[in-house]
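Spelled out, the chains give:
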Amino acid sequence: MREELDGLFKSNGAFPDIEMPSGFEKKRPRGDQDGIKRNLTAIVPHSYGEHGGCDQKWCRAGDANYRHSSLPCGKNLTDQAVREDIEKVIDPYTSAKMTEKLATLSTTNPNENINMMISRKAPKGSHYTESESFDIRVSAAVAQENEGHAYILKVNDAHSLSPGHITTKRCHELDKKRQFNATQHSTVKQKRRRIELKSRAQPAVFEAQHLPSI
Ligand SMILES: [Zn+2]
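Attention in this report is confined to the structure presented alongside it. From a predicted model like this one, the values you see are computed outputs, not experimental measurements. By convention here, each chain's residues receive numbers from 1 onward along its written sequence. Confidence filtering applies because this is a predicted model: local features only for residues at pLDDT of at least 70, side-chain atom pairs given and counted only at 80 or more, and all residues used for totals across whole chains, interfaces and linings.

## Here's the deal with the overall build of the chain
Phase 1: Here a helix means four or more residues in a row that DSSP labels H or I, a strand means two or more in a row labelled E, and each is numbered from the N terminus. When you go through the chain residue by residue, the secondary structure sums to ten helices and zero strands.
Phase 2: When its helices and strands are written in sequence order, the chain yields α-α-α-α-α-α-α-α-α-α.
Phase 3: Each residue is classed by its C-beta neighbour count within 10 Å, where at least 20 other C-beta atoms makes it buried, 12 or fewer makes it exposed, and intermediate counts make it partly exposed; the C-beta atoms are placed from backbone geometry. Looking at the chain residue by residue over its 214 residues, the buried ones come to 13%.

Dropping the structure here:
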């Protein structure tokens, strides 16, 4: 059901772009609240083979060979008790308050990026949380996210240490590489390449997510 959810949020423009408004003004709803509510309400019937309320942008039930990609054996659900339970889970998300929140959702990539940085500096396989080591490691990850790798040079300066030539050179090289990667990854060519690679790895999921538009 996850891919259906992803598909319907995209089809309603909940994740339309990565451009954020300047400043810190209140987020404006960017998606279609009514569409989100309509499609959320259609998810459970969709899983039970009732496609009257489905949006053609994400529901492929009209295809002769359609099978659910994430339900057992690709078949419709049938148990009515399970249906009631699922509806209880979905219902709270269809309120006006929740659909407004869902309509303002944006990409979580920046969060994933900082999570990855923290996990590199404080791997969960090592026990750091009982000492200040953990705080320092998390702070280092935040500094790296905000300042780039050159944060190490600033830390050295703040403690009256002289960063060595090799350290300085390495920091600038890493920042240059980071900038290059950020620019490259945001190009249309790279985005198309990522979608292509994803489609090869997970053909069924890819179809559910990307058939509306690329
Ligand atoms: Zn459907």
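## A few points about the nonpolar core
Phase 1: In terms of nonpolar packing, the biggest core is built from nine residues, these being Ile36, Leu40, Ala42, Ile43, Val44, Cys54, Trp58, Cys59 and Ala103.
Phase 2: Looking at which element gives the most residues to this core, the answer is helix 2 (residues 33–47), with five residues. Take the buried Ala, Val, Leu, Ile, Met, Phe, Trp, Tyr and Cys residues, join any whose C-beta atoms are within 7 Å, and the set you get is a nonpolar core.

## Quick word on helix 8 (residues 165–185)
Phase 1: Given a helix with a known number of residues, its expected span is that number minus one, times 1.5 Å. Here helix 8 spans 30 Å end to end across 21 residues, near enough to the 30 Å set by a 1.5 Å rise per residue.
Phase 2: Across the 21 residues of helix 8, zero count as buried, placing the element largely on the outside.

## So, the packing of helix 2 against helix 4 (residues 96–103)
Phase 1: As a rule, the C-alpha atoms of each element are fitted with a line to give its axis, helices using only the stretch in contact, and angles between N-to-C directions run from 0 to 180 degrees. Two elements in contact, helix 2 and helix 4, have axes separated by 9 Å at closest approach and are oriented at 110 degrees. Judged on the interaxial angle alone, helix 4 and helix 2 are roughly perpendicular. For helix 2 against helix 4, the interelement crossing comes out right-handed. Contacts from Gln33, Ile36 and Lys37 in helix 2 reach Thr99, Glu100, Leu102 and Ala103 in helix 4.
Phase 2: For the contact of helix 2 with helix 4, a count of residues per class yields three nonpolar, two polar and two charged. Every angle not falling under 35 degrees, over 145, or within 65 to 115 is termed oblique; those three ranges are roughly parallel, roughly antiparallel and roughly perpendicular. Handedness of each helix crossing follows the sense of rotation of the near helix against the far helix: counterclockwise by less than a right angle gives left-handed, clockwise gives right-handed. Contact criterion: two residues are in contact if their C-beta atoms, reconstructed from the backbone, are within 7 Å. Only Asp, Glu, Lys and Arg are considered charged in this grouping, and only Ala, Val, Leu, Ile, Met, Phe, Trp, Tyr, Cys and Pro are considered nonpolar; every other residue, Gly among them, is considered polar.

## Quick notes on helix 6 (residues 132–147)
Because an α-helix completes one turn every 3.6 residues, residues spaced three or four positions apart along the sequence face the same direction.
Phase 1: With 16 residues, helix 6 should cover 22 Å at 1.5 Å per step; its first-to-last C-alpha distance of 22 Å lies within 8% of that length.
Phase 2: Every buried residue belonging to helix 6 is among Arg137, Ala141 and Gln144, and all of these are buried. Buried residues of helix 6, viewed axially, fall in a sector of 65 degrees; they line one side. Pointing more than 90 degrees away from the buried face of helix 6 are the exposed residues Glu132, Asp135 and Asn146.
Phase 3: The inward-facing, buried residues of helix 6 contact helix 5 (109–121) and helix 7 (151–158).
Phase 4: Where helix 6 ends, the next residue or the one after it, Gly148, has phi of about 85 degrees, a positive value. Think of it as the arc spanned by the lines of direction from the helix axis to the C-beta atoms.

## Brief notes about the packing of helix 5 against helix 6
Phase 1: The contact between helix 5 and helix 6 brings their axes to 9 Å, and the two run at 135 degrees. By the criterion of interaxial angle, the relationship of helix 5 to helix 6 is oblique. Note on packing geometry: the crossing formed by helix 5 with helix 6 is right-handed. Together, Ile114, Met117, Ile118 and Lys121 of helix 5 and Arg137, Val138, Ala140, Ala141, Gln144 and Glu145 of helix 6 make up the contact between the two elements.
Phase 2: Of the residues contributing to the contact of helix 5 with helix 6, the split by class is six nonpolar, one polar and three charged.

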